[in-house]
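Fold and contact review
Chain by chain, the residues run as shown.
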Amino acid sequence: MPSNSLIRSSNLFSLSTLYALVFAYSTVALADLPLVDFDRMGRVGLAGSFAGLDIAANSSSSLSFDPTTSTLLSRAPDGSLARLGSTDSGGTILAACALGDSIYVAGNFSSISGSSATNVASYSPSTSTFLALGQNGPDGPVSSLFCDDTNGNLWAGGKFSSPASSVAVWNPQSSSWSPPPFGGLSGAAGEVLSITSNSSQNSLIFTGSFLTSFGNSSVALNDTNNPNVPFSAGATPFSSSLVPLPLGNAQIEASPSTTQAGLSNINNTLCPAGSDGPGNSWFAQDGAQAVITVREFRFLSASGIRIGNTFLDDRGTTGFSLTTIPDNAVRTLHYVDPHTGQNQTCTNPCPLLTDPSIPYQDFLFDSSLDITGFQLTLSQWQGASSGLHLLQLLSSGAFASSLQADNGISCFAPDASGTAQTQDWTAKVVKTNIAGTVQTVLVSSVSVDTPSNQGPTFTWMPYVSASGDYTVNLLVPGCTNLQDCALRTSVKVTVFPGGGQAPFVQTVSQQNMDDAVTQIYSGPVVPTTSNFSMTVTMALADQPTGQGQNGQYELVADRVELVLNSANVTSVSIGNGTNATSSVGAQTTFGFLEWPMSQTQNVTISGVLPTSSLTSLDRVGLDLFNGLGGLSALQAGDMSTIAAAVHHPSGIVFLGGAFSLSAGPAQGASNIALWKNGGLATLAGNGLDSTVRVLALSGDRSALFVGGNFRDAADKSTGGKLSGVASYDVQTNQWSTLNGGVNGAVQGLDITSDNLLLVVGNFTQTGDGNEANGLAAWNLTSKAWVNPAGFLVGKLSFVGNSTAPSKGKAQAQLLAGSVSASLKFGAAGFVTIQNGDSDSQGVPNITPFSVQVEGSTGGNVSTANIKRQYVHNKKRSSVLGGWIGGLFRRQVNTANLAPLPSLTPSNAPTVLSGAYWTNSSTSRENAILGGNFTYLSTAGGEARNIAVYDVGAGAVSALQGNQVNGTVRSLLVQGDELYVGGSFSVQGTAFNGFAVYNLARQEWDTVNFQPLSGSSGSSASGVVVRSITASPSQSNTIIVGGSFSQAGGAPCRAICSFNTETKQWTALGNGIQGEVSSVSYAGESRDTIVAAGSLALADGTGANVLEFAIPNSTWTAVGDTSQLPGPVTAMEVNDGNSSSIFAAGRSTDGSASFLSFWNGASWTAVGSSFEGSTDVAQLTMVPLQNTHAANGIIQPDRMLWISGSLADSSFGNASSALFDGQQIIPYVVSSTSAGNPGTIASLIFSLSSFSFTQRHFLATGIVILISIAIAAGVVFWLALVGILWTLFARREDKLDKYDGPEADDDDSTTHRPSSLLEHINAATRTTIIGNSPFGPQDGPKHAEAAGMAAAASSDPFGPDASNFARADTPSDAMGGIMGGEEMSRPAHARYSFDGAGEGELPMAAGQELEILDDKDTAWWYARDLRTGHEGVVPAAYVY
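Keep in mind the model is a prediction, meaning the values are calculated, not measured.

**Topic: the nonpolar core**
Of all hydrophobic cores here, the largest spans 71 residues; its most connected members are Ile292, Phe320 and Leu376. Looking at this core element by element, the count peaks at eight residues for strand β26 (residues 361-382). Residues in contact with Leu376, not counting those within four places in the same chain, are Ala290, Val291, Ile292, Ile305, Ile307, Phe320, Ser321, Leu322, Leu388 and Leu391. Among the nonpolar cores identified, the runner-up in size contains 45 residues, and Phe50, Phe1219, Ile1224 and Ile1240 belong to it.

Shown next as structure tokens:
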């Protein structure tokens, strides 16, 4: 079982070395990892069908696990997992901890990661190696480890015999094993299951199945008083054992008293509620001797007083005397000098110390006295007056009255003495031997012929604070005063002294004429708890004396008095039978041992530990031993174990395991119990119905988390909702469910610094239905199951902290168990991805989707008529058939088109698409995700198929209104309008595969909507929309592609244009046939639509990639259909270049996959290494931070991103890969929850266009120097231009062509600075960069490949402004200084602008722009978001 190391802070090691091991497996691979520039694409995410994901370079060994071994993994603070090593086949790892720079791992194994090591090994993160730990280590399984950071030792517990029984200690400095100071633990099963620390972390707690004996010492079993009373050197073990008499009902006068508020009431000193101060102390009047008189007016048996001085305002009592009442005798008192330890006596005055380190002193009489009160004279003081903080009257030892009203709770005692009775008892008032006092007793009448076991009984339960040798007296009032002598008889008194001793039975006569004190027991009284009450029961004697009166006896119950004779009880032998002689002997504990870490001396004596080593918490083991039925029960085959213990700062000890208590105060407790106030107690529901394996306290210590095999409370009161893991509220003592727990056994728990409870074990789901294969995470703040961030499939046996935030480090964890699959990140179908930092070696930062998604439960639209099988077209064997086929080889009937494969898994849960939307009300960017899934929104409630994910806040919300019924495959956001495509319907609307939702109004936009339909014109025909894109060259137009035949009742097959303002559908030209899978755009103005799928022109000419020229509304085929093996599932146009197109798909017969490249003349296969099982879902070009080798297919500054389910002969499986024109490089691997390869459906990004051009910056110092030189030159040129301008203005009557005839010369908004800015920009760039880096490389994304050669030889800063890049802006010019941070904001064109001048950007009214530089008041530098073109625009034309 796992070691319970959940709350210690000693298991620490360098976090930097832990992180170093993450890259240990892939250093070489990382050096070759392409540096994709995700940040240039805006917000970027990956969507698909996966539960775990990682960068391929990190995961070379992540998917190769042998579940017959046990694997050790590290979990970083961000939740990512990294593999450290695995044991031999059949091995297990049960515990781990960190000490110094090493990780120690233990269990039952013979080797780990190829290194021979028996049961315990060390791991060095710096070298990534495992080593054995010396010779003579544990020769059996090790179940627990504790790393003692204070002393630098490793403690191991388990079931072994060498170097000691069940416990061993490893010293890293001497590299040697040794037995523990106590020699080991044996007995019972002889096994240690957990080692942890107490709440103050200065002692170790061992639990398991073992026996420990204490005895053979001159030290008392219990030399402490009530643990709630603060220690004082002014008390002795004897006086500390005396229970104070309650004085709450006494008459108390103190005169004269001060008039200071809060310090004039002497009653505040009887049991102060707080420290010395107002409300808890008393002052006498300044300069006056004070007298305190206490009268109880009833019989009191007292041994002395306890006085605590005040230390406020330098006041305090220094001398006093005590007079008892009613005899008015000044008493000689005995005390111990706290400074010398010598016994002293005093009378008048007695000294009271003013040392704040002595909170109180005990002063005792010569012997116990019967008094009714006392008078205390404070004759000497310091400062302005005398005063007190504590005043108590000490009893003779302990007491209990038959009248419960007289059994007031003693100061600081956990409970008052108690009574119990059977049948009727009535009160009688009797005189006492003390003048002026009376005593009330209880009497009961019983027929003279009544057997003893049928008569009335009375039980006293006096509270006893400490072990000792006591005389127990029964006080019997004389029958003369009660006038009932004829009724008196004899009684049987049974004394239970505790500590496992046999009861003492005695017959006592109550026929005494005068008051009598009868001794009923003398010997040791051994409390087993801090609220222990000894039991004295009185009943009619078995053979009662006397004749009775009128056939009745009368039994009298007065008081029981315990007189402490000695507090040093040192030996006891437990006898058997009535009146057995009792002396104290060895005490036995079970399953629990506390050992101070400062205790290093070997104290073992013949297998019995001395009583001097017995700690206060060792009483837990004593109570467990007795509660389980003692040695006889354990020897009879009891298989009880204590698997875990947690010490709460309040003093409570929680115990979990496999046990059932049959005796004691916690009788009936099953598998979990608590120990508080010195005794065992049950938890709510009497515990749990099966084994508890691990315990953990929450960070604020308010909740206890419990893990194990249970399902319910022991009394079945929770309805089976505590499955495997549950929470127990320490304050309210109530069980709480963790949303149904998990569906299997829990082996380990750990609480992380980010407030997650990690749960590991043998389970596959959490209670809310989310998949969790061996690892789950419960958010303590939101109280919900969440994504644990790392992905794992297995059966884990251990989880524990490896670093602690208390030492200034981020917290990490170690996990271990049988692992089938693991990846760095656990994510339910979606992650965000961005550039890594400078130390990441090119590895991007990945943030998993924080919400669990599951299979959709809604009424999905049937897609049976959409899903098709791959078909084999049968060739005609006749010559005629072959001839006709050759003649019309490019004319295809629609019915003969190959079906479009449905490649991306649509079985739930799957995220298939996404889009980014900026919420105008919050200005936060949200990812909108679509697919086939369900989830719980942050606000609560189940939603499906579309989720709005606030990435920054980690919150998810649903669309308001009716939910989508079916699968969402495509999403597009335009402003606040969300366009949804797929195969679905929305109840109450006409939506069928295509829908519109207004995100601002949070409602479906159904006004004037015309639905899509299939060939039959009905929704049952199976509409599927796979692509929704915005037309870059047409305002208010989106292009919808998929499988449909009509739009709004008009023919429009496979692809259609939708006007977002009028909501009208328009067919593209004369249309096409087949099914569209992908749409992209080509041309300088992106006025050519490129569609791919299983397609043919309207005349039947087959071509799976087609082009539509928007200006002349004509469709043309891209290449010969015979050059593509089959339908295209994904297509991408390289930066708008119609002579650079990539297409991927499957062969017509479905047996093979392909990736092909169109160079403007023909299709060429480029993905020949893909295996037949490869399915490509998406192709897209991505920019790079670096460059790759030049080739004729893809430019050096970009690569082709390939997503889907990829299988390649060179690298195996991947979910996304990069193609540089020569080789395919695996980039992302993913896995399903079952451990099978996952699928990436789409790479989504927020910028609709971006530049591939890379920006290069000089060193900051050089940029500053050059900037100064340029600034001087600019000033010169501006001055020169100004002079020339003035001269020409005077000589000519007309203005420059850019000035309007009625313009004001001072209105700079009408002056286009094109020529001036162009020359300054050219001069600046030539000076800084030299020959432009844009010349030999490709332009931004709007440039066509066909014009690249010309562009390379022409002026890169020519009048087409095609090379205006972000580096041209003032912000970018300072990029070296500003760290490359981009400063921009969105805007719109107020008016149209022709942009005819050099460096100017044309724009249409309403067009979306991105302002890159607005430092000039008249002209701003902007980017066209549709095309990526950049240039200057009039500031007044933009809003």
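**Points about a nonpolar patch on the surface**
Judged by side-chain polarity, Ile1264, Leu1265 and Ile1268 come together as a nonpolar surface patch covering roughly 300 Å² of accessible area. For Leu1265, the position within the fold is in helix α8 (residues 1260-1291). The exposed category is assigned to Leu1265, whose relative accessible area is 59%.

**Quick look at the environment of Ser921**
Tracing the chain through its elements places Ser921 in the loop between β61 (910-919) and β62 (924-936). Exposure remark for Ser921: the relative accessible area of 63% places this residue in the exposed category. Placed 79 residues apart in sequence, Ser921 and Ala1000 show a C-alpha to C-alpha distance of 8.4 Å. One polar contact links Ser921 to Asn919, side chain to side chain, over a distance of 2.6 Å.

**Things to note about the side chain of Asn779**
For Asn779, the location among the structural elements is in strand β53 (residues 775-779). Judged by relative accessible area, which is 18%, Asn779 ranks as buried. The residues touching Asn779, leaving out its near neighbours within four places in the chain, are Asn755, Leu756, Ala784 and Val786.

**Concerning the pairing of strand β4 (residues 81-86)**
Counting buried positions along β4 gives six out of six residues, so the element sits mostly inside the fold. Summarising the sheet, strand β3 (residues 71-75) and β4 pair through five bridges and their orientation is antiparallel. Bridge pairing links Arg75 to Leu81 in β4. In textbook terms, the turn of a hairpin is the stretch between consecutive antiparallel strands, and for β3 and β4 this stretch comprises five residues, one of which, Gly79, has a positive phi near 90°.

**Here we look at the pattern of salt bridges**
Side-chain pairs of opposite charge can arise whenever the charged atoms involved come near each other. One pass over the structure, following the stated rule, counts 24 salt bridges. Salt-bridge contacts for Asp689 lead to Lys716; the nearest nitrogen and oxygen are separated by 3.1 Å. Of the two residues, Asp689 is situated in the loop between β46 (679-681) and β47 (692-697) and Lys716 in the loop between β48 (703-708) and β49 (725-729); the sequence distance between them amounts to 27 residues. Judged by relative accessible area, which is 27%, Asp689 ranks as partly exposed. With a relative accessible area of 52%, Lys716 lands in the exposed category. Two residues, Arg1385 and Asp1414, come together in a salt bridge whose shortest N-O distance is 3.2 Å. Remark: Asp1414 occurs in the loop between β90 (1408-1413) and β91 (1419-1424) and Arg1385 occurs in strand β89 (residues 1385-1388); sequence separation between them is 29 residues. Arg1385 sits in the partly exposed class, given a relative accessible area of 32%.

**Things to note about the state of the cysteines**
Enumeration over the complete set of coordinates arrives at five disulfides. At a sulfur-sulfur separation of 1.9 Å, the disulfide partner of Cys346 is Cys350. Here Cys346 and Cys350 share a disulfide; its torsion about the S-S bond, 100°, makes the bridge right-handed. Comparing Cys346 with Cys350 shows no difference in burial state: the two are buried. Here Cys1052 pairs with Cys1056 through a disulfide, and the sulfurs are 2.0 Å apart. As the torsion about the S-S bond is roughly 120°, the Cys1052-Cys1056 disulfide counts as right-handed. Cys1056 matches Cys1052 in its accessibility class, with the two residues each being buried. Look at the protein and number its bonded cysteines as they come in the sequence; the links are 1-2, 3-6, 4-5, 7-8, 9-10.

Parameters at a glance
Throughout, residues of each chain are indexed from 1 in the direction in which the sequence is written. Per-residue local features of the predicted model are confined to residues with pLDDT of at least 70, and side-chain atom pairs are confined, for both listing and counting, to 80 or more; whole-chain, interface and lining totals are unaffected and use all residues. Note that the side-chain values use all heavy atoms of the structure and ignore hydrogens as well as water. In this description, a nonpolar core means a group of buried Ala, Val, Leu, Ile, Met, Phe, Trp, Tyr and Cys residues linked to one another through side-chain atoms lying within 4.5 Å. For the exposure calls, accessible area comes from a 1.4 Å probe over protein chains only, and a residue counts as buried if that area is under 20% of its type's maximum, exposed if over 50%, partly exposed in between. The helix count covers DSSP runs of H or I at least four residues long, the strand count covers runs of E at least two residues long, and both are numbered beginning at the N terminus. Only heavy atoms enter the contact rule, under which two residues are in contact if any of them lie within 4.5 Å. Each patch is built from salt-bridge-free residues with over 30% relative accessible area, joining like charges within 9 Å and nonpolar side chains (Val, Leu, Ile, Met, Phe, Trp, Tyr) within 5 Å. Shrake-Rupley sampling with a 1.4 Å probe provides the accessible areas, and residues are treated as covered by the protein chains on show and by no other component. Each salt bridge in this description consists of a side-chain nitrogen of Lys or Arg and a carboxyl oxygen of Asp or Glu lying within 4 Å of one another. Residues adjacent in sequence count toward polar contacts only when both atoms are side-chain atoms; beyond that, a polar contact is any pair of N or O atoms within 3.5 Å, and within protein one must be able to donate a hydrogen and the other to accept it. A pair of strands counts as paired when DSSP detects no fewer than two bridges linking them. Count a disulfide wherever a pair of cysteine sulfur atoms falls within 2.5 Å.

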